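Structure at a glance
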Amino acid sequence: MEYLTKYNLTTEDIKDITNSIDEDDKLELELNEERVSSIIDYFLSIGLTNIKDIIITKPNLFYDDVNSIKMRIEKYSNTNIIELLKEDPINFDLIGM
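Owing to the predicted nature of the structure, the values given are computational and were not obtained by experimental measurement. (Residues numbered from 1 in each chain as written. Predicted model: local features only at pLDDT ≥ 70, side-chain atom pairs only at ≥ 80, totals over all residues. Heavy atoms only, no water.)

**Looking at helix H2 (residues 23–31)**
- Residues of H2 that are buried include every one of Asp25, Lys26, Glu28 and Leu29, and no others. Down the axis of H2, the sector holding all buried residues measures 160°, keeping them to one side. Set apart from the buried face of H2 by more than 90 degrees, the exposed residues are Glu23, Asp24 and Leu31.
- For H2, the elements touching its buried residues are helix H1 (11–20), helix H3 (33–45) and helix H4 (51–57). (Buried < 20%, exposed > 50% of the residue type's maximum accessible area, 1.4 Å probe, protein only. Helix = DSSP H or I, 4+ residues; strand = E, 2+ residues; numbered from the N terminus. Arc of directions from axis to C-beta. Contact = heavy atoms within 4.5 Å.)

Here it is in structure tokens:
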């Protein structure tokens, strides 16, 4: 998961992540760098910078493809969903994610 350092996550952040998620989620993040990176890139493009918190709180998001995530978030773009997601990644629950 060292590739996460390109998203300004420190070695300590990555250690926190690996200590907080289960083995299946770790494996998903390790083996699917391209998909995970595309999702993180999308999150950053819409202003979500709490990447560490998102990974720890909602690792299941990274099993999905970026287009599916975009469609779901864009469906709620007329609400304040981005602000809610910035506040707390648990708010992904509000849009069924």
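Moving on from the model shown.
**Some points on H1**
- Within H1 the residues assigned to the buried category are Asp13, Ile14, Ile17 and Thr18. Buried residues of H1, seen end-on, are gathered within an arc of 135° and therefore sit on one face of the element.
- The inward-facing, buried residues of H1 contact H2 and H4.

**Examining unusual backbone geometry**
- Positive phi, normally seen in glycine, also occurs at Asn8, with a value near 65°.
- Within the secondary structure, Asn8 sits in the segment before H1.

**Things to note about the packing of aromatic side chains**
- If you walk through the whole model with that rule in mind, you get three aromatic pairs.
- Where Tyr42 meets Phe43, the ring centres are 6.2 Å apart and the plane angle is 45°; that geometry is what we call tilted. Like Tyr42, the residue Phe43 is buried in the burial classification.
- Considering the side-chain rings of Phe43 and Phe62, the 6.3 Å spacing of their centres and the 85° angle between planes classify their relative orientation as edge-to-face. (Phe/Tyr/Trp six-rings, centres within 6.5 Å; stacked < 30°, edge-to-face > 60°.)

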